[in-house]
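Each chain, letter by letter, is given below.
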Amino acid sequence: MELLLLVILCLTARASSQIQPQGLQVPCFFIFGDSLVDNGNNNRILTLARANYRPYGVDFPQGATGRFTNGRTYVDALAQLLGFPNYIPPYARTRGPALLRGVNYASGAAGILDQTGTNLGDHTSMNQQVAAFGETVLQMRRYFRGDNNALNNYLSKCIFYSGMGSNDYLNNYFMPTFYSTSSDYTTKAFAALLLQEYTRQLMQLYSLGARKVIVASVGPIGCIPYQLARFSGNNSTRCNENINKAIVLFNSGLRKLVDQFNGGQLPGSKFILVDSYRSSNDLYMNGTNNGFEVMDKGCCGVGRNNGQITCLPLQQPCADRQKYIFWDAFHPTEKANIFLAKATYTSQSYTYPINIQQLANL
């Protein structure tokens, strides 16, 4: 009986992480972001923001690829939901015809501001990622024999994902020993600075051909194991609400920005906002209803909440990753990533004004 129960539990856990294959809905998928969606662009650069070592990738078929989790990232799961037979490859090692299916430019430690993340070493900032996409467009043009109209028509059917801002708070504003931004700007002024820069960057993507764009808000990073390990506040959530309140200012501005873009500022485009703050917060608050048992600790890490030092090379992670929301001090597990991808793909609870499936079918 115990053996039968164990088999049923294993099959249930496997089913929760499965994504049913379906037909390809868009011709290509381009990804911009940070370590939450980086899939190997930082592997060969001089930086502490790297994940190309075990136990990262312990549940990924290709092993430690540079993904900052045990298996699939949010955009890996989203690519599968969009019908892509293969994961979108990292820009660092993709050239030629493969570009036509899209590439991932995301880089661990990257931010909206160029200075963000320099405390960890080299990385590819959002400005650099947009510039790299510009190079990609030039390369793609040859496959359309220089026909800009045909290329633009092709790109208009593709999905673009951009998730930026987390590091501008974690590895910039709330790191006063390395950066002066918290003394130079109020939280409101800093959010305005980020939004001003981000607006310019997203408009540049539009000028290069992006028409269907997903913009993800910043999650409640005051509640990640890294912050829980450092914060000893007495509020009921145990989260660092100073950080969360600052992020809410940025996120509310991001929603207004999406409205402006959709209101005629960028003709022919459709932007949607993925409310990562709300979806992540709901996952923390209702984790047990979705099969999670550990909401405040990393599966792999050192110290309080497994968040004082992140996952070390060859460290033994937790035995059952299915029970954990967090893989390490900063990043979700594969199971959490898949849950969030499914929730934002078909539901409008966490997307505005339409869901990702509807965006793909426009």
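Scroll up for the structure.
Every value quoted in this text rests on a predicted model; they were computed, and no experiment measured them. (Residues numbered from 1 in each chain as written. Predicted model: local features only at pLDDT ≥ 70, side-chain atom pairs only at ≥ 80, totals over all residues. Heavy atoms only, no water.)

### Points about the pairing of strand β1 (residues 29-33)
Step number 1: The element β1 is extensively covered by neighbouring structure, given that five of its five residues are classed as buried.
Step number 2: Of the two faces of β1, both are covered, the one formed by Phe29, Ile31 and Gly33 as well as the one formed by Phe30 and Phe32.
Step number 3: Pairing of β1 with strand β2 (residues 159-163) involves five bridges; the strand directions are parallel. Within β2, the residue paired with Phe29 across the bridge is Ile159. (Buried < 20%, exposed > 50% of the residue type's maximum accessible area, 1.4 Å probe, protein only. Helix = DSSP H or I, 4+ residues; strand = E, 2+ residues; numbered from the N terminus. Pairing = 2+ DSSP bridges.)

### Describing empty space enclosed by the protein
Over the atoms, a rolling probe the size of a water molecule traces out where space has been left empty.
Step number 1: A full pass over the atoms with the stated rule returns one cavity of 30 Å³ or more.
Step number 2: Estimates place the volume of the largest cavity at around 30 Å³.
Step number 3: What lines the largest cavity is simply Ser35, Leu36, Phe68, Thr69, His331, Pro332 and Asn337.
Step number 4: When the residues that make up the lining of the largest cavity are grouped by side-chain class, the tally is three nonpolar, four polar and no charged. (1 Å grid on protein atoms, 1.4 Å probe; cavity = no way out; pocket = protein on both sides within 12 Å on 5 of 7 lines; lining within 4 Å. Points joined across faces, edges and corners; volume = space filled by probe spheres on them. Nonpolar A, V, L, I, M, F, W, Y, C, P; charged D, E, K, R; others polar.)

### Things to note about the sheet that holds strand β9 (residues 351-352)
Step number 1: Spatial ordering of the open sheet is given by β1-β2-β3-β4-β9, a layout of five strands whose pairing is mixed. On the outer flanks of this sheet lie β1 and β9, each paired with one strand and no other.
Step number 2: Across the sheet, helix α2 (residues 74-81) lies against β1, β2, β3 (212-216) and β4 (270-274), angled at about 165 degrees from β1, the strand it touches most.
Step number 3: Along the sheet, helix α3 (residues 126-141) makes contact with β1 and β2, crossing β1 at roughly 160 degrees. (Contact = heavy atoms within 4.5 Å. Axes fitted to C-alpha atoms, helices over the stretch in contact; angles between N-to-C directions.)

### Focus: the packing of helix α5 (residues 166-173) against helix α7 (residues 187-207)
Packed helix pairs are characterised by how far apart their axes lie and by the angle those axes make with each other.
Step number 1: Where α5 meets α7, the closest approach of the two axes is 11 Å, and the angle between their N-to-C directions is 130 degrees. Accordingly, the angle class assigned to the pair α5 and α7 is oblique. The crossing of α5 and α7 is right-handed. Residues Asp168, Tyr169, Asn172 and Tyr173 of α5 form the contact with α7, whose participating residues are Thr187, Phe190, Ala191 and Leu194.
Step number 2: Its residues placed into classes, the contact of α5 with α7 shows five nonpolar, two polar and one charged. (Parallel < 35°, antiparallel > 145°, perpendicular 65-115°, else oblique. Left-handed = near helix turned anticlockwise from the far one by under 90°.)

### Here we look at the packing of aromatic side chains
Step number 1: Evaluated as defined, the whole model comprises 27 aromatic pairs.
Step number 2: Taking the centre distance of 6.4 Å and the plane angle of 70 degrees together, the rings of Tyr169 and Tyr173 count as edge-to-face. Linking Tyr169 with Tyr173, this pair stays in helix α5, spanning four residues, or about one helical turn.
Step number 3: We classify Tyr173 as buried; its relative accessible area is 6%.
Step number 4: Ring centres of Tyr169 and Phe190 lie 5.5 Å apart, and the angle between their planes is 85 degrees; this geometry places the pair in the edge-to-face category. Here the residue Tyr169 occupies a position in helix α5, and Phe190 occupies one in helix α7, the gap between them amounting to 21 residues. With respect to class, Tyr169 is no different from Phe190; both count as buried.
Step number 5: Site record: aromatic cluster; members linked through ring pairs are Tyr169, Tyr173, Phe174, Tyr185, Phe190, Tyr198 and Phe250.
Step number 6: Positioned above the aromatic ring of Tyr87, the side-chain terminus of Arg67 is 5.5 Å from the ring centre. (Phe/Tyr/Trp six-rings, centres within 6.5 Å; stacked < 30°, edge-to-face > 60°. Lys NZ or Arg CZ within 6 Å of the ring centre and 35° of its normal.)

### A closer look at α7
Step number 1: Under the 1.5 Å per step criterion, the end-to-end length of α7 is 30 Å for 21 residues, consistent within 8% with the ideal 30 Å.
Step number 2: By the burial criterion, the buried members of α7 are Phe190, Ala191, Leu193, Leu194, Leu195, Tyr198, Thr199, Gln201, Leu202, Leu205 and Tyr206.
Step number 3: Positive backbone phi, approximately 125 degrees, marks Gly209, located one or two places after α7. (Expected span 1.5 Å × (residues − 1).)

### Side note on the environment of Asp34
Step number 1: Positionally, Asp34 belongs in the loop between β1 and α2.
Step number 2: Judged by relative accessible area, which is 3%, Asp34 ranks as buried.
Step number 3: When the C-alpha atoms of Asp34 and Gln348 are compared, they prove to be 24 Å apart, with 314 residues separating the residues in sequence.
Step number 4: In this structure, Asp34 is in contact with Ala106, Ser107, Gly108, Ala110, Gly163, Met164, Ser166 and Asn167, ignoring residues within four places of it in sequence.

### Some remarks on the nonpolar core
Step number 1: Within the largest apolar cluster, 92 residues are counted, with the highest numbers of intra-cluster contacts made by Phe29, Phe30, Tyr169 and Phe250.
Step number 2: Here this core gets nine residues from one element, more than from any other, and that element is α7.
Step number 3: Every residue in contact with Phe29, bar those within four places of it in the chain, is listed here: Val75, Leu78, Ala79, Leu82, Phe84, Ile88, Arg101, Gly102, Val103, Ile159 and Tyr161.
Step number 4: Counting residues in hydrophobic clusters, the runner-up holds 10 residues, among them Phe68, Cys300, Cys311 and Trp327. (Core = buried A, V, L, I, M, F, W, Y, C linked by side-chain atoms within 4.5 Å.)

### Description of helix α10 (residues 276-285)
Step number 1: Inspection of α10 places Ser276, Tyr277, Ser279, Ser280, Leu283 and Tyr284 among the buried residues, and these make up the whole buried set.
Step number 2: Next to the buried residues of α10 lie β3, α9 (241-265), β4, β5 (294-298), β8 (324-326) and α11 (334-346).

### Some words on the side chain of Asp38
Step number 1: Mapped onto the elements, Asp38 comes out in the loop between β1 and α2.
Step number 2: In terms of polar contacts, Asp38 uses its side chain to reach the backbone amide nitrogen of Gly40, at 2.9 Å.
Step number 3: Of the polar contacts made by the side chain of Asp38, one reaches the backbone nitrogen of Gly108; its length is 2.9 Å.
Step number 4: Setting aside residues no more than four positions away along its own chain, Asp38 makes contact with Gly66, Arg67, Phe68, Thr73, Ala106, Ser107 and Gly108. (Polar contact = N/O pair within 3.5 Å; in protein donor to acceptor, adjacent residues only side chain to side chain.)

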